[in-house]
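Commentary on secondary and tertiary structure
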Amino acid sequence: MSSIEWNHETFSKFAYLGDPRIRGNLVAYTLTKANMKDNRYESTVVVEDLETGARRFIENASMPRISPDGKKLAFMRPNEEKKESEIWVADIQTLSAKKVLSAKNVRSIEWNDDSRRLLVVGFKRRDDEDFVFDDDVPAWFDSMGFFDGEKTTFWVLDTESEEVIEQFEKPRFSSGIWHGDSIAVNVPHREGGKPALFKFYDIYLWRDGEEERLFEGVSFAAVDSDGKALLLRGKREKKYISEHEWLYLWDGELKPVYEGPLDVYDAKLDGGRVYFLTPDAGRVNLWLWDGKAERVVVGNHWIYGLDVSDGKALLLIMTATRIGELYLYDGELRQLTDYNGPIFARLKTFEPRHFRFKSKDLEIDGWYLKPELKEDEKAPVIVFVHGGPKGMYGHRFVYEMQLMANRGYYVVFVNPRGSDGYDEDFALRVLERTGLEDFEDIMAGIEEFLKLEPQADRERVGITGISYGGFMTNWALTQSELFKAGISENGISYWLTSYAFSDIGLWYDVEVIGPNPLENENYRKLSPLFYAENVKAPILLIHSLEDYRCPLDQSLMFYNVLKDMGKEAYIAVFKRGPHGHSIRGSPKHRAKRYKLFIEFFERKLRKYEEGFDVEKVMKGEKKE
């Protein structure tokens, strides 16, 4: 009998692949495993020769970068004692390595075409031990903490002499890439003294201490270069941050590569051709532009990693029933790794069943997982709502979905208006109407699902989601009595404090909810907090203390008001972890979160238990 089964720790059995890189016949990537005993993630850089299949490993390393000549490998290694990041360079044949730089804060590294110099982009802060200080907005950012006067730093590192030979600074949120022997730098454009973050950029070429401004106040940024042309992702000019990203080439003249109808997630330039990823109705596919854009890798999958070299595309691909593995596309698609095959061979997984339904004026995509059931057996239902609102569900692996389907629950998920993967009009329909028609889309999807599956128990429907999904869970419990339990994670309950407190509130909330927050009635009208009296179902609010995207006040306010009204509400605050703590929290953190998730729905949708004794829940004990 297999020792591997679905539970709150199954995620630690998987191998997670990231940051794929390719040069000629060499590929490199990061392989990460969760160490439950030591409560840490252990990352290894893997280097593979596609011709021989030989693999070599560098432990305690990440961010692999193969030099253009294929002779060297740069990588990052944390120095936990000094709390610094170290950059190492290894000979690709022997993997004999030397440390070339120690720095406190590094965000990216990139080889120059000479295979000698590295562009190192990082940041510096005041770092006073007693207080932080700022005169710009936002003062903090999710996963980054307080900015404390942060400046983006650019270093040109000569790996032979191991010396920084050039350096300069730009405002926070700047980024840069090599463009020949120049550096293309993206700097947030400022309007009226305030940075127009995520919307407008100024783009410069920097070389030998001098810079030339190429673009001012444009809505695209330089994301790749072949030394001759820059690949630009975004738009010429945006009215809304929520608009789709498109692609352009600049070689002294701006040329469109792709201008819709879909969004663009990632893009790479290779020999004058452009490879890029688009979300497409629950899938993420690979496109190739060679004077004309066409889909080249299409399927019920989710491509989430991309690199290209000499007409070969290296891809990370997951499906709804498998986490990601490495693939190569060179006219044909072939799988390179199978780290998780033996694990999934011992685990039951469920393919999503697709359905379409009409909601008001739109056709909407929905999916569900059907558990194994006896004839005429009724099963509870959990509705998942994705983040965003410009997120997307579909053919990607969601751990909690497979976990709950294996425990006998139907799992339902839809892409309401506002989701990505459709035309831009579909994405923008939610602006200033969040919680209105998009909520109706979700409800219409549930009704259609219940028609399709008579074994689904209408009297035992739960709802859950993270971020926008957490907001929608809060909203759903105030607007409908269909739901008998809800788990809201890192969600919004009051849009006004989100606008004033969130790292992106000054930009994003005024787009999604509306302008003039202090006067606009939407900030009250669309906030679940003001409908708390309507809540009939038990709710578990899960939040992370270090979430600066949807800060803790959002769940804590809702919890306090619900308790004051005598409602059944519980709150679990994780002391560490950013907005994405559900995936990026420590292994034990994640296991405890999954345990809470499982047990709350078990007790509220299956056992109808009163209360939620967290001590007994976490110990796995039964009430005496």
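Just so it is clear, the model here is predicted, and its values are computed rather than measured. (Residues numbered from 1 in each chain as written. Predicted model: local features only at pLDDT ≥ 70, side-chain atom pairs only at ≥ 80, totals over all residues. Heavy atoms only, no water.)

Digging into the overall build of the chain
Note the following rule: In DSSP terms, a helix is any run of H or I states spanning at least four residues, a strand is any run of E spanning at least two, and both are numbered starting from the N terminus. As a reference, a globule follows 2.2 Å times the number of residues to the power 0.38, and the radius of gyration itself is taken over C-alpha atoms. Burial status follows relative accessibility: with a 1.4 Å probe on protein chains alone, a residue under 20% of its type maximum counts as buried, one over 50% as exposed, and anything between as partly exposed. Pairs of residues are marked as contacts when any of their non-hydrogen atoms sit within 4.5 Å. Residue burial considers only the protein chains on display, and all accessible areas are found by Shrake-Rupley using a 1.4 Å probe.
A tally of regular secondary structure across the chain gives twelve helices and 39 strands. In terms of overall dimensions, the chain is globule-like: its C-alpha atoms have a radius of gyration of 25 Å, near the 25 Å expected for 624 residues. When the backbone C-alpha atoms are referred to their principal axes, the chain occupies close to 70 × 65 × 55 Å. Per-residue burial for the chain yields a buried fraction of 59% across its 624 residues. Across the chain, contacts joining residues at least 24 apart in sequence account for 55% of those joining residues at least 6 apart. Of the roughly 26500 Å² of accessible surface on the chain, a fraction of 45% belongs to carbon and sulfur atoms.

Brief notes about the pairing of strand 29 (residues 312-318)
Stated precisely, the cut-off is as follows: Here the rule is simple: two strands pair whenever DSSP picks up at least two bridges between them.
Of all seven residues in strand 29, seven are buried, a share of seventy percent or more. Alternating residues of strand 29 divide into Lys 312, Leu 314, Leu 316 and Met 318 and Ala 313, Leu 315 and Ile 317, and every residue in both groups is buried. Examined bridge by bridge, strand 28 (residues 302-309) and strand 29 share seven bridges and lie antiparallel to one another. Looking at strand 29, one finds that Ser 309 is bridged to Lys 312. What sits between strand 28 and strand 29 in their antiparallel hairpin is a turn of two residues, with Asp 310 showing a positive phi close to 50°. With five bridges joining them, strand 29 and strand 30 (residues 325-329) adopt antiparallel strand pairing. Bridging from a neighbouring strand, Leu 316 pairs with Leu 326 of strand 30. Linking two consecutive strands that pair antiparallel, namely strand 29 and strand 30, is a turn of six residues.

Some words on the environment of Ser 96
In this fold, Ser 96 is placed in the loop between strand 7 (84-91) and strand 8 (97-103). Looking at Ser 96, the relative accessible area reads 52%, which means it is exposed. Sequence spacing of Ser 96 and Lys 72 is 24 residues, and the spatial spacing of their C-alpha atoms is 10.0 Å. Setting aside residues up to four positions removed in sequence, Ser 96 forms contacts with Val 89, Ala 90 and Asp 91.

Section: the packing of aromatic side chains
Put simply, the rule is: Only Phe, Tyr and Trp rings take part, Trp by its six-membered ring, and two of them pair if their centres are within 6.5 Å. Stacked means planes under 30 degrees apart, edge-to-face means over 60, and tilted covers everything else.
Overall, the coordinates contain 49 aromatic pairs when judged by the stated rule. With centroids separated by 6.1 Å and ring planes inclined at 90°, the aromatic side chains of Phe 14 and Phe 397 adopt a geometry described as edge-to-face. With Phe 14 in the segment before strand 1 (16-23) and Phe 397 in the loop between strand 34 (379-385) and helix 2 (399-405), this pair connects stretches of sequence that are 383 residues apart. By relative accessible area, Phe 14 is classed as buried at 1%. Seen from their ring centres, Tyr 410 and Phe 449 are 5.3 Å apart, and the 70° between their planes marks the pair as edge-to-face. Remark: Phe 449 occurs in helix 4 (residues 437-452) and Tyr 410 occurs in strand 35 (residues 410-414); sequence separation between them is 39 residues.

Notes on the sheet that holds strand 4 (residues 55-59)
Using the following cut-off: Simply put, an axis is a line fit to the C-alpha atoms, just over the touching stretch for a helix, and the angle between two N-to-C directions goes from 0 to 180 degrees.
Strand order in the open sheet formed by four strands is 1-2-3-4, with antiparallel pairing between adjacent strands. Each end of this open sheet is capped by a strand with a single partner; those strands are strand 1 and strand 4. When strand polarity is set aside, the average angle formed by the axes of neighbouring strands in this sheet is 20°. Judged from the five bridges that link them, strand 3 (residues 40-49) and strand 4 form a sheet pairing that is antiparallel. Note on strand 4: the bridge partner recorded for Val 47 is Arg 56. Contacts from helix 11 (residues 587-606) reach strand 1, strand 2 (26-35) and strand 3, with the element oriented near 110° to strand 3.

Section: the pattern of salt bridges
Heads up, the condition is: By definition, a salt bridge exists where a carboxyl oxygen of Asp or Glu is found within 4 Å of a side-chain nitrogen of Lys or Arg.
Throughout the structure, instances matching the rule amount to 53 salt bridges. We note a salt bridge from Glu 424 to Lys 235, for which the minimum N-O separation is 2.6 Å. Placement of Glu 424 in helix 3 (residues 424-428) and of Lys 235 in strand 21 (residues 230-235) is noted, with a sequence separation of 189 residues between them. One exposure class covers both Glu 424 and Lys 235, and it is buried. Salt-bridge contacts for Arg 460 lead to Asp 457; the nearest nitrogen and oxygen are separated by 2.8 Å. Exposure class is identical for Arg 460 and Asp 457. Each is buried. Each member of the salt-bridge network shares a partner with another, and the members are Asp 114, Arg 117, Asp 181, Arg 207 and Asp 208.

Things to note about the layout of surface pockets
Put simply, the rule is: Put simply, the grid is 1 Å and covers the protein atoms alone, a cavity is a trapped set of points that fit a 1.4 Å probe, a pocket is an open set with protein on both sides within 12 Å along at least five of seven lines, and lining residues have an atom within 4 Å of a point. Grid points are joined across faces, edges and corners, and a volume is the space filled by probe spheres set on the points. Think of it as three bins: nonpolar holds Ala, Val, Leu, Ile, Met, Phe, Trp, Tyr, Cys and Pro, charged holds Asp, Glu, Lys and Arg, and polar takes everything else, Gly as well.
In this structure, the second largest pocket spans a volume of roughly 460 Å³. Forming the boundary of the second largest pocket are 19 residues, of which Glu 546, Lys 575, Arg 576, Gly 577 and His 589 lie nearest the centre. Counting residues per element, the ones that place at least two in the lining of the second largest pocket are strand 39 (569-574) and helix 11. Tallying contributions element by element places helix 11 first for the lining of the second largest pocket, with three residues. The residue makeup of the lining of the second largest pocket, split by class, is six nonpolar, seven polar and six charged.

Details of helix 11
In plain terms, the rule: Here the expected length of a helix is defined as 1.5 Å per residue gap, with one fewer gap than residues.
The terminal C-alpha atoms of helix 11, which comprises 20 residues, lie 27 Å apart, in line with the 28 Å expected from a rise of 1.5 Å per residue. In terms of burial, helix 11 is largely enclosed, as 17 of its 20 residues are buried. Trailing helix 11 by a residue or two, Tyr 608 shows a phi angle of about 55°, which is positive.

Here we look at the side chain of Thr 32
Note the following rule: Any pair of N or O atoms that falls within 3.5 Å is considered a polar contact. Within protein, one atom must be able to donate a hydrogen and the other to accept it, and sequence-neighbouring residues count only if both atoms are side-chain atoms.
Within the element layout of this structure, Thr 32 appears in strand 2. Judged by its relative accessible area of 16%, Thr 32 falls in the buried class. Of note is the side chain of Thr 32, whose polar atom sits 3.0 Å from the side chain of Ser 43. Sequence-distant contacts of Thr 32, defined by excluding residues within four places in its chain, comprise Phe 14, Ala 15, Tyr 16, Tyr 41, Glu 42 and Ser 43.

Structural measurements only, silent on function.
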